[in-house]
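A closer look at the structure
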Amino acid sequence: MFAAAIILAAGRGERAGGDRPKQYRDIGGKPVLRRAAQAFLGHPGIARVQVVFHPGDQALYDAAMKGLSLPAPVSGGPSRQASVLAGLRALNKADNAPDIVLIHDAARAFVSQDIIDRVIDAVIDGDEGAIPALPVSDSLKRGRAHVEETVERADLWRAQTPQGFPFAAILAAHEAHADKALTDDAAVAQAAGMRVRIVEGDERNIKITRPEDFAAVNSEEHMITPDIRTGFGYDVHQFEAGDAVTLCGVEIPFEQKLKGHSDADAGLHAITDALLGAIAAGDIGDHFPPSDPQWKDAASDVFLRHAMGLVRRQGGEILNVDVTLICEAPKIAPHRAKMRARVAEILDIELERVSVKATTSEKLGFTGRGEGLAAQAVATVALKGQDK
Ligand code: CTP
Ligand code: MG
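Residues numbered from 1 in each chain as written. Chains lettered and ligands numbered in written order. Predicted model: local features only at pLDDT ≥ 70, side-chain atom pairs only at ≥ 80, totals over all residues. Heavy atoms only, no water.

A closer look at the overall build of the protein
Here is the rule we go by: Every helix listed is a DSSP run of H or I at least four residues long, and every strand listed is a run of E at least two residues long, numbered separately from the N terminus. Throughout this description, buried means an accessible area under 20% of the type-specific maximum (1.4 Å probe, protein chains only), exposed means over 50%, and partly exposed covers the range between. For the accessible areas, the method is Shrake-Rupley and the probe is 1.4 Å, while residue cover comes only from the protein chains on display. Only four residue types enter the tally: Lys and Arg on the positive side, Asp and Glu on the negative side, with His and both chain ends excluded. Here the site of a charge means atom NZ of a Lys, CZ of an Arg, CG of an Asp or CD of a Glu.
Broken down by element type, the protein carries 13 helices and 19 strands. Along the three orthogonal principal directions, the C-alpha set of the protein runs to about 85 × 45 × 40 Å. For the protein, the proportion of its 388 residues judged to be buried stands at 48%. For the protein, the exposed area adds up to about 18,500 Å²; of that, 50% sits on carbon and sulfur atoms. In the protein, 44 positive and 54 negative side-chain charges are present, and the distance between their average locations comes to 4 Å.

Some details on the domain arrangement of the protein
Condition: Where a domain begins and ends is set by an automatic assignment or by a domain database.
Taken as a whole, the protein is organised into domain 1 (3-222) and domain 2 (225-387). Taken over C-alpha atoms, the centre of domain 1 sits 38 Å from the centre of domain 2.

Brief notes about the sheet that holds strand S13 (residues 227-241)
Quick reminder of the rule: One bridge is not enough; two strands pair if DSSP finds at least two bridges between them. Whenever a helix is involved, its axis is fitted only over the stretch in contact; in every case the axis is a line through C-alpha atoms, and angles between N-to-C directions fall within 0 to 180 degrees. Any two residues whose heavy atoms approach within 4.5 Å at even a single point are treated as in contact.
Strands sit in the order S16-S13-S19-S17-S18 across an open sheet of 5 strands; the sheet is mixed. Edge strands, defined here as strands with exactly one partner in the open sheet, are strand S16 (256-259) and strand S18 (354-359). Going across the sheet, the axis of each strand differs from the next one's by a mean of 25°, ignoring polarity. The sheet contact formed by strand S17 (residues 317-326) and S18 spans 6 bridges and is parallel. By the bridge assignment for S18, Val 321 is matched with Val 354. Running at roughly 155° to S13, helix H9 (residues 266-278) makes contact with S13, S17 and strand S19 (372-383) of the sheet.

Examining the site of ligand 1
Stated formally: Summary of the distance rule: residues count as near a molecule or strand when at least one heavy atom falls within 4 Å of that molecule or strand. Within 3.5 Å is the distance limit for a polar contact, defined as a pair of N or O atoms, with the added protein rule that one can donate a hydrogen and the other accept it, and that residues adjacent in sequence qualify only through two side-chain atoms. The definitions used throughout rest on a 1 Å grid laid over the protein atoms alone, on which a cavity is an enclosed set of points accommodating a 1.4 Å probe that cannot get out and a pocket is an open set flanked by protein within 12 Å on both sides along at least five of seven lines; lining residues are those having an atom within 4 Å of a point. A molecule is counted as occupying a cavity or pocket when more than half of its atoms fall within 2 Å of that pocket's grid points. Under this grouping Gly is polar, as are all residues other than the nonpolar Ala, Val, Leu, Ile, Met, Phe, Trp, Tyr, Cys and Pro and the charged Asp, Glu, Lys and Arg.
Looking at ligand 1, there are 19 residues lining it, with Leu 8, Gly 13, Glu 14, Ser 83 and Lys 207 nearest. With respect to ligand 1, the backbone of Arg 15 contributes an N or O atom lying 2.8 Å from an oxygen atom. A distance of 3.2 Å is found between a nitrogen atom of ligand 1 and a backbone nitrogen or oxygen belonging to Ser 79. A total of 560 Å² of accessible area belongs to ligand 1 in isolation, and the protein chains cover 87% of it. Given that more than half its atoms are within 2 Å of the pocket grid, ligand 1 belongs to the second largest pocket. At the level of secondary structure, the elements contributing two or more residues to the shell around ligand 1 comprise strand S1 (3-9) and helix H3 (80-93). A per-class count over the shell around ligand 1 returns 6 nonpolar, 6 polar and 7 charged.

A closer look at the pattern of salt bridges
Test applied: The term salt bridge refers to a pairing of a side-chain nitrogen on Lys or Arg with a carboxyl oxygen on Asp or Glu at a separation within 4 Å.
Under the definition given, this model contains 22 salt bridges. In this structure, Asp 117 and Arg 313 form a salt bridge, with 3.4 Å as the shortest nitrogen-oxygen distance. In this pair, Asp 117 is assigned in helix H4 (residues 113-122) and Arg 313 in helix H11 (residues 301-313), connecting sequence segments 196 residues apart. What makes Asp 117 partly exposed here is its relative accessible area of 22%. When its relative accessible area of 29% is taken as the criterion, Arg 313 is described as partly exposed.

Considerations on the layout of surface pockets
Going by this rule: Grid points are joined across faces, edges and corners, and a volume is the space filled by probe spheres set on the points.
Estimated volume of the second largest pocket: approximately 780 Å³. Taken together, 34 residues line the second largest pocket, and the ones lying closest to its centre are Arg 15, Lys 22, Arg 80, Asp 105 and Lys 207. For the lining of the second largest pocket, the secondary-structure elements that each account for two or more residues are S1, H3 and strand S10 (157-159). Looking at the lining of the second largest pocket, its residues break down into 10 nonpolar, 12 polar and 12 charged.

A word on H9
Filter applied, for reference: Each residue after the first adds 1.5 Å to the expected span of a helix.
Over its 13 residues, H9 extends 18 Å from the first C-alpha to the last, a length consistent with the 18 Å expected when each residue adds 1.5 Å. Most of H9 sits inside the fold, with 12 of its 13 residues counted as buried. Along H9, the positions that sit buried rather than exposed are Ala 266, Gly 267, Leu 268, His 269, Ala 270, Ile 271, Thr 272, Asp 273, Ala 274, Leu 275, Leu 276 and Ala 278. Ala 280 occupies a position one or two residues after H9 and carries a positive phi of about 50°.

Here's what the structure looks like:
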């Protein structure tokens, strides 16, 4: 099943105020839209993420989304509904249209992997849509200056996004009802006669709407109860006759090479194990058994990307990695800058979050005798605040 996501970011964010549309403002050092897009990019069930933006925001978009692998954003319309239709049409035009689509407001920056799972699981291909929603817990009143009526709150829900649908059916529904002003995609689906299931929403999945919402999310549990993990990794490879070694993803000409099943990049292996350690996800050998021929001569960035994917899958973020290479030769210093840049690129994190260091072992032990080299790494990962 091919699932895609549309991230709506073409609004003007008038109620939120500020010097730019709310989706381009930072929360915890990261733009709202980047947070929303990364939640879907990091989800293994979502194969394509299509952002819908306002063409006047190109410079803000480029700055906010730097380094993410996304198709070019498409331009939205004057209403949310028009923007959704633009996103659906863009997905329909691509080589192959998805089977299901999740439509999400960029303003809900704290969408969890669990909500995405629940919505995908509940969408029945070709048949039913699904929305996350929370039951109303306050008493509901209708009135102006005075209460005129108390509204029965049983069976009333607060709808959130992402809202998921069979792709062809929701595209047809939006095309058919483009002239009506409907407030969400579930309303459009219903207008077209589609059934829409309700799955459990999440209190943290708020839609940032007003100025005070920024202050709230900055100080609230999403932010101040970080779940910080540290992991450690260690790896050794032996030298053998050859002409180059690969360390931290950088090839260095040398009179020997490192012996191993993959490219024997001890630096990337140590960082991979450190990340796996931080989320208690076993070790590199569990994920990539040396006995499996497909990893023979593999470039080790595959292992590192896999570990990074597991971190992201848990809603986690890599705060920093620090690796130390231990060898008498080759000299690491001339290659350090390139190694840092390469590791930062593989992990999609800022350069200042990556450190590469080197030391000799004063000619002592196996590294001192030049029989092989060792690498040690630590990684720090912030998992999203878990349910308390
Ligand atoms: N949206 C959109 N195109 C529009 C209007 C809204 O893509 N023409 C998107 C917004 O960017 C937002 C989501 O739909 O992510 C939900 O809308 P809302 O929270 O109302 O955002 P804004 O319309 O930007 O805010 P406001 O109504 O305060 O101006
Ligand atoms: Mg709006």
